[in-house]
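Structure assessment
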Amino acid sequence: MKHFWIILSMGVMCFTNLFAQKPDKLTSAELFHEIQKLNFLGTALYVAAHPDDENTSLISYLANHDKARTVYISLTRGDGGQNLIGPELSELLGVLRTQELLAARHIDGGEQRFSRANDFGFSKHPNETLKIWDKDMVLADVVWAIRNIKPDVIINRFDHRTPGSTHGHHTSSAILSMEAFDLANDPNAYTEQLDLTSPWQPRRIFYNTSWWQYGSQEAFEKVDKSGMVKLDVGTYYAELGLSNNEIAAMSRSQHLCQGFGRLTNRGSDNEYIELLKGDMPKNNNVFEGINTTWSRVEGGEAVGNILYEVEANFDFQNPSKHIPQLVEAYQLLQQVKDEHWRTLKSQELKNIILAASGLYLEASSASASATPGSKVKVNIETINRSSPSVVLKEIQMIGVDAKLTPNKTLNDNQRENFEINFTVPENTSYTSPYWLKESGTLGTYTVTDQNLIGLPETPSAFKAVFKMLVAGVEIPFEKEVVHRYSRPDKGELYEPFAILPEVTSKIDEKVLIFADADSKEVQVKIRAGKNDVSGSVSLSHPSGWVVIPSSVPFSIAQKGEEISVAFKVTPPDTESEGKIAPKVTVANKVYDRELIEINYDHIPKQSVLLPSEAKVVRMDIKKSGEHIAYIMGAGDNVPESLEQIGYQVHLVDPNDIQNGDLDKYDAVVVGIRAYNVVDALKFKQPILFDYVQNGGTMIVQYNTAGRWASQFENIAPYDVTLSRDRVTDENAKVDILAPEHPLVNFPNTISEKDFDGWVQERGLYFPSQWSSEFTPILSMKDEGESEKQGSLIVAPYGEGHYIYTGLSFFRELPVGVSGAYKLFANMLSIGKSEVKKQSNVKG
């Protein structure tokens, strides 16, 4: 069992030090709030499927009103969503959304956990979801979370009783939670976990219902609520100066990549939770009947007697007055036999002692990163800003054999600085999300270390343990090694200290399309992780492809410097696809990773190491036309993909479009969700339709139904009704409804095989109705559903053509799906002869 408490301690540090790279500095009122939470021994677990599924109002209420330890487990990290703020998609989007969740929990007071389930895209039914996820694996993860977190109450975001009525991931999260509620206390279930944890039975499980479950507020008012608990989550926290719903809105607004920034609000606001299992609380308190006092644990009453007195007589002017009592409580807490609560509450109490004493401890690396085998200097800052005596006995580094023994008294408000130098051990793991270190499946990440499963991020490689004598008692305080620096335009900044390879490489174009047998020059970028790196780089390639030269020597003088080397890549004469991958050799060691850095103001900088590679595709593709105007929407990589097959793509700002400006282009393409996010389009519809009427081609990619401004009567020159129709099975059979239509004949002949190899889905938000002027081209459906014919519709308008498509070209083109390229080329070529249209556009 001893390993479990190491795991739990790691988890507590990970959760309590969210945003550890930027230390919290509590006011007296915030410190008092933390003491109130310290004196509550109850835990709630909130369960849902994705980042942004969580009810931040309820999480904040439980954490700040009830003062409970409140944990949100999002079964996935949200890889399958879109990104409104940057280029990250798939696993990189999952990293970004993980950090947005941590930012949200830092605000609302909750903690964050995950499972190994992957967000593989929209799923219509839990049967499909649980099959792709590997139900038993994800269920084991939920049981593992319950056994470790030991919640008294569980609250499901979604209803397990309504399969098929919402996203399959949503319903699956509730199904798994219900099963885990019973299994977590079964010693015969997932016995391999019991060397590291112990069975646990939660008292109650609820469903977080609302009026939308019943269709309207009026219908909900008539529902029998005798089995529900009503909570007013609009309560005001005087010690924080904020209403609960203000905190919830600020938390919700951390999901910026999903466009969830919102206004704060105030006032009474009711939430309802329906009891599913367990005993019904006798009042509107989810913890009613559960002992949440210090008497809950053997030996806890003595601790509570001290801490309740501190809370009752807290000195807001001089919190350090309570240091002797807090230290005495800490000593008694170490004698408590319940290791679960002892570990959790010891960490909380140590954080409170730090804040009450004004004790500031920091371990900051002089550089942002280092490599295995390199030397690191860590700058130590310590200061005691209170009168009680504090002695710094020792600073011990975790992760390396290095320490200092100052044995120095820290006098009131006198800063003491130290320096620790060490060499990074050669076997130190690189800094990267642990769940991406091995290849996973469509439905799950591969994580074999049970200790890591569920953690929000990879534990830091190095930490500093400050052994302090506070009021005569030795207390260890742990701080992650970070990198603190400043910028003239930003001020003081913190970021994680990263361990990176000596050298990384990348090919910017992740998919290289060869439309004929001509060679292409491929640039490989090499980045040094330390000074004075030299070696050679080669490019592995599929059989039948030719790469010249076979190897290129390189030398880089400065850490962080990046150089490029060129290879000539020649495809075979026939269609072929595969991968090319740089292999960088330094001192007989081969490096094959690409470093991706994700850096936004609202999250800590993330270093992600993935295989360095690019897909190469030799396809026989024809096109007509040359110059394409592209109006970007929510963000996609379609323009770069079209350039791969020879188009010159011009990004056009709709604010700048005037009458006649578009006539020089062979086609105008509108990016995904443009009508949802680009306000200027509402003023430019007449100009766009005039362009089509005068002979142009306009292609509009998917928009979400009903989410554009009221000024839009329609996004097409004829009536079109968008719906939520979608086909989520990327392998769904596709029938060609109009086999003689130019869209499937010119300049490329499209057949069913061109829909092989699609990823994640066929498409989404198809029109459900359209005027007779439109011709539907394709038909497809998910299993057990009716045929959907709105994925691609086209209508002549004047002398030109208008096309609306919900097909997921934004997913298919960037990963090199040949059939998607051919179909898009046909869309761009409609109405054109085989002779390329001449234009006066400058390249």
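This section reports on the structure supplied with the text. It should be emphasised that the depicted structure is a prediction, and the values quoted were computed from it without experimental measurement.

**Looking at the sheet that holds strand β9 (residues 270-278)**
- Spatial strand order, β3-β2-β1-β4-β5-β9-β6: 7 strands in an open sheet with mixed pairing. The strands lining the two open edges of the sheet, one partner per strand, are β3 (111-114) and β6 (228-232). Going across the sheet, the axis of each strand differs from the next one's by a mean of 30°, ignoring polarity.
- When strand β1 (residues 43-48) meets strand β4 (residues 153-156), the two strands line up parallel, connected through 4 bridges. Following the sheet pairing, Ala44 is matched in β4 by Val153.
- Across the sheet, helix α4 (residues 90-108) touches β2 (69-74) and β3, and the angle it forms with β3 is around 150°.

**Describing the sheet that holds strand β28 (residues 562-570)**
- The strand order across the open sheet formed by 4 strands is β22-β24-β28-β26, and the pairing between neighbours is antiparallel. Both edges of this open sheet fall to β22 (503-506) and β26 (546-548), since each of them pairs with a single strand only. With direction set aside, neighbouring strand axes in the sheet form an average angle of 30°.
- Relative to β28, β26 runs antiparallel, the two sharing 3 bridges. When the bridges of β28 are listed, Ile548 appears paired with Lys568.

**Details of helix α7 (residues 168-183)**
- Taking 1.5 Å of rise per residue, the 16 residues of α7 would be expected to cover 22 Å, and the 22 Å separating its terminal C-alpha atoms lies within 8% of that figure.
- The buried fraction of α7 amounts to 13 of the 16 residues, a majority that puts the element mostly inside the structure.

**Concerning the packing of helix α3 (residues 56-65) against helix α9 (residues 244-252)**
- Look at α3 against α9: their axes get within 8 Å of each other, and the N-to-C directions meet at 125°. In terms of axis orientation, α3 runs oblique to α9. Every pair of crossing elements has a handedness; the one defined by α3 and α9 is right-handed. Counted together, Thr56, Ser57, Ser60, Tyr61 and Asn64 of α3 and Asn244, Ile247, Ala248, Ser251 and Arg252 of α9 form the full contact between these two elements.
- Considered class by class, the residues forming the contact of α3 with α9 number 3 nonpolar, 6 polar and 1 charged.

**Quick word on the pattern of salt bridges**
- Using the criterion set out here, one finds 47 salt bridges in the structure.
- When the shortest N-O distance is used, the salt bridge between Arg484 and Glu381 registers 3.5 Å. Separated by 103 residues along the polypeptide, Arg484 in strand β19 (residues 482-487) and Glu381 in strand β12 (residues 375-384) bring together distant segments of the chain.
- Under the relative-accessibility criterion, Arg484 is labelled partly exposed at 33%.
- Ionic contacts of the salt-bridge type, sharing partners, join the residues Lys124, Asp782, Glu785 and Lys788 into one network.

**Quick word on the packing of aromatic side chains**
- Going through the model one piece at a time under the given rule, you end up with 21 aromatic pairs.
- Arranged with centres 5.1 Å apart and planes meeting at 80°, the rings of Phe220 and Tyr272 form a pair that is edge-to-face. Of this pair, Phe220 sits in helix α8 (residues 217-221) while Tyr272 sits in strand β9, placing them 52 residues apart in sequence. Tyr272 shares its class with Phe220; the two are buried.
- Within the aromatic cluster, the residues linked to one another by ring pairs are Phe689, Tyr718, Phe774, Tyr797 and Tyr802.
- Geometry around Phe514 places Lys520 over its ring, the cationic atom sitting 5.1 Å from the centre.

**With respect to the packing of helix α2 (residues 28-38) against helix α10 (residues 300-312)**
- The N-to-C vectors of α2 and α10 enclose an angle of 150°; their axes lie 10 Å apart at closest approach. Relative to α10, the element α2 lies roughly antiparallel. Between α2 and α10 lies a crossing of left-handed hand. On α10, the residues touching Phe32, Ile35, Gln36 and Leu38 of α2 are Leu307, Val310 and Glu311.
- Here the contact of α2 with α10 is composed, by residue class, of 5 nonpolar, 1 polar and 1 charged.

The rules we used
Residue indices begin from 1 for each chain and proceed along its sequence in written order. Local features in this predicted model are restricted to residues of pLDDT 70 or higher, and side-chain atom pairs are both shown and tallied only at a pLDDT of 80 or more, whereas totals for entire chains, interfaces and linings draw on every residue. Heavy atoms throughout the structure, all of them, feed into the side-chain values; hydrogens and water do not. Strand pairing is assigned whenever DSSP identifies at least 2 bridges connecting the two strands. Helix and strand definitions follow DSSP, with helices as H or I runs of at least four residues and strands as E runs of at least two, each counted in order from the N terminus. Only the stretch in contact is used when a helix axis is fitted, and all axes are lines through C-alpha atoms; the angle between N-to-C directions ranges over 0 to 180 degrees. By definition, residues are in contact when any of their heavy atoms lie within 4.5 Å. Expected span of a helix: the number of residues minus one, times 1.5 Å. With a 1.4 Å probe rolled over the protein chains alone, any residue whose accessible area is under 20% of its type maximum counts as buried; one over 50% counts as exposed, and the rest are partly exposed. Between 65 and 115 degrees an angle is taken as roughly perpendicular, under 35 as roughly parallel, over 145 as roughly antiparallel, and anywhere else as oblique. Crossing chirality is assigned from the near helix's rotation relative to the far helix, an anticlockwise turn below a right angle marking it left-handed and a clockwise turn marking it right-handed. When residue character is reported, Ala, Val, Leu, Ile, Met, Phe, Trp, Tyr, Cys and Pro are called nonpolar, Asp, Glu, Lys and Arg charged, and the others, Gly included, polar. One side-chain nitrogen of Lys or Arg within 4 Å of one carboxyl oxygen of Asp or Glu is enough to make a salt bridge. Only the six-membered ring of Trp is used, alongside the rings of Phe and Tyr, when aromatic pairs are assigned; centres must lie within 6.5 Å, and planes under 30 degrees apart are stacked while those over 60 apart are edge-to-face, with the rest tilted. Any Lys NZ or Arg CZ found within 6 Å of a ring centre and within 35 degrees of that ring's normal is scored as a charge over the ring.

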